[in-house]
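Spelled out, the chains give:
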Amino acid sequence: MSLHLYNSLTRRLEPFEPLDASCPTMYVCGPTVYNYVHIGNARPYVVFGVLAELLRRRYGAVRYVRNITDVDDKINNAARELGVPISAITDRYAAAFRDDMAAIGAVAPDAEPTVTGHIPQIVAMIERLIASGHAYAAENHVLFSVGSFDSYGKLSRRDRDEMIAGARIDVAPYKRDPGDFVLWKPSTDDLPGWESPWGRGRPGWHIECSAMAEALLGETIDIHAGGVDLQFPHHENEIAQSECAHGGRIFARYWLHNGMLNFGGAKMSKSIGNIEKIHDLVAKHPPEALRYALLSAHYRQPLEWSEGVIEQCVRTLDRLYGTLRDLGDVPAAAAIPAAVEQALDEDLNTPQALAILNELARDARAALAAGDADPSRLAPLKSALLGAGLALGLLQQAPADWFGRGAGDGDDGRISALVEERTAAKKSRDFARADAIRDALAAEGILLEDTAAGVRWRRA
Ligand code: AMP
Ligand code: ZN
């Protein structure tokens, strides 16, 4: 079987055929950078990063674009609260986002456009939409006229009333139709803004992606991806803008949507507040275990996040790296097994690919346990294990580095936190808890010393 992808536009599993077989194109909606991102935000970038690498292997090249949204009212609010220019917020959190993505091995895009870097293209696209009768200016705003696009709703397949309810649309006097959405809005002097034919203002959210996709990938792209929460209204509106600006030509041929990561029974989201920031998680857990967890469910399914899931992934990686360590210096280069490629061909079936990877490790352990030391038999097993890991962005460190991670700075914070917790437990006379912490640390080879300056810890 060749690569098949579930296309949300047709609601069918379809064979993937790029427009240009020498370089498929993919656009993934990027983050709004006003705070650290949470582990749910990483799901699209991890799974579609696996897809980008698969396309690169199959076609020799891929052009993967992931934007940075650096104009947004949430950014304005954060900047106002701190009394700093928006660039102080966006530079800081865009850098933090790149660090987080690198930590969990989400492949970097080939281009990372920003909204502030594409204002002329956004203005030009809005002008084309006005000229072709798909948008209108009113009271310093520009609105897209949904009634001008017959196919409006084709991605989310909602009817008009549902769409209006779902978009939580503001009723505004300058709108001809309550479903019309903003392409450009005015900025007061204290807000970031750019000169435009409609006065000083800033773009709406949806137009950004249409303009950046056009600037970097042309009028029609192969794959457009993002979380299912973006399907409506964001992606629906992107389709409307792009297809109307391009004389009706199709905007994205395959629409891919990842399911939501849930935490404590609800979608992990900043607005609910049930978030775990990657920045914090990577200080407490090996980042590769977070990546493993994100790949452990099929990308279209919901994924329940918990501490237990992370711990289980750490144990699984302990076993996998243990196998690699036991294989020792059998010389072997990574070779991706056909079965792993086939699993990924079936709409990126990463749980199946992980099952194969674990089976390979079992085979290798069985060979070692049976006393097999013949490198000609062990080498293919090691190649396949490393190759299966490579396809998923796992198992690429030296086993000694995986097992030695406790010696690094990343773990110091966790140990210090436990020491503090033990001190607090003693103060509140919870001696059982205090002793349990001391014993757990001792089991890891961490010794505690009571000094005049408080409790110190050192490695035995
Ligand atoms: P945002 O910055 O909220 O636009 O989100 C960036 C990306 O993360 C988008 O593709 C969202 O669909 C995705 N996303 C946000 N929350 C979650 C979640 N809980 N689970 C999976 N993906 C999410
Ligand atoms: Zn977008």
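One can find the structure itself at the top, above this paragraph.
Thresholds, definitions, all that
- Residues numbered from 1 in each chain as written.
- Chains lettered and ligands numbered in written order.
- Predicted model: local features only at pLDDT ≥ 70, side-chain atom pairs only at ≥ 80, totals over all residues.
- Heavy atoms only, no water.
- Core = buried A, V, L, I, M, F, W, Y, C linked by side-chain atoms within 4.5 Å.
- Buried < 20%, exposed > 50% of the residue type's maximum accessible area, 1.4 Å probe, protein only.
- Helix = DSSP H or I, 4+ residues; strand = E, 2+ residues; numbered from the N terminus.
- Domains from an automatic or database assignment.
- Contact = heavy atoms within 4.5 Å.
- Near = heavy atom within 4 Å.
- Polar contact = N/O pair within 3.5 Å; in protein donor to acceptor, adjacent residues only side chain to side chain.
- Areas by Shrake-Rupley, 256 points an atom, 1.4 Å probe, with all protein chains shown as cover.
- Expected span 1.5 Å × (residues − 1).
- Donors = N, O, S within 2.8 Å, 3.2 Å for Na, K, Ca; no water.
- Tetrahedral: all angles 85-135°; square planar, octahedral: opposite > 155°, others 65-115°.

**A look at the nonpolar core**
So, point 1. Ile39, Leu51 and Trp305 are the most contacted members of the largest nonpolar core, which has 86 residues in total.
So, point 2. Take this core: its biggest share by element is 11 residues, from helix H1 (residues 39-59).
So, point 3. The residue makeup of this core includes at least three contributed by each of domain 1 (4-258) and domain 2 (266-403).
So, point 4. Leave out the neighbours within four places in its chain, and Trp305 touches Ile39, Leu261, Asn262, Phe263, Met268, Glu276, Leu281, Leu290, Ala293, Leu294 and Ile310.
So, point 5. Counting residues in hydrophobic clusters, the runner-up holds 41 residues, among them Leu9, Tyr27, Ile122 and Ala211.

**Section: the site of ligand 1**
So, point 1. Surrounding ligand 1, one finds 17 residues, the nearest of these being Gly40, Gly227, Asp229, Leu261 and Met268.
So, point 2. The backbone of Gly227 places a nitrogen or oxygen atom 3.1 Å from an oxygen atom of ligand 1.
So, point 3. Leu261 places a polar main-chain atom, nitrogen or oxygen, 2.8 Å from a nitrogen atom of ligand 1.
So, point 4. Starting from 480 Å² of accessible surface for ligand 1 in isolation, the protein chains cover 90%.
So, point 5. Where the shell around ligand 1 is concerned, the elements lending two or more residues are H1 and strand E9 (221-227).
So, point 6. Counting residues per element, the shell around ligand 1 draws most heavily on H1, at four residues.

**As for helix H6 (residues 205-217)**
Because an α-helix packs 3.6 residues into every turn, residues spaced three or four apart end up facing the same way.
So, point 1. For H6, with 13 residues, the first-to-last C-alpha span of 19 Å sits near the 18 Å given by 1.5 Å per residue.
So, point 2. Of all 13 residues in H6, 10 are buried; the element is thus mostly enclosed.
So, point 3. At the C-terminal side of H6, Gly218 shows a positive phi close to 90°.

**Side note on the coordination of the zinc ion (ligand 2)**
So, point 1. Around the zinc ion (ligand 2), the protein contributes the donor atoms Cys29 (SG), Cys209 (SG), His234 (NE2) and Glu238 (OE), at 2.1 to 2.4 Å from the metal centre.
So, point 2. With four donor atoms in place around the zinc ion (ligand 2) and angles of 78 to 131° between them, the coordination shape is irregular.
So, point 3. In terms of primary sequence, the donors binding the zinc ion (ligand 2) are separated according to C-x179-C-x24-H-x3-E. Taken as a pair, Cys209 in helix H6 and Glu238 in helix H7 (residues 231-245) lie far apart in primary sequence, 29 residues in all.
So, point 4. Residue classification places Cys209 among the buried residues on the basis of a relative accessible area of 1%.

By themselves, these figures tell us nothing about what the structure is for.
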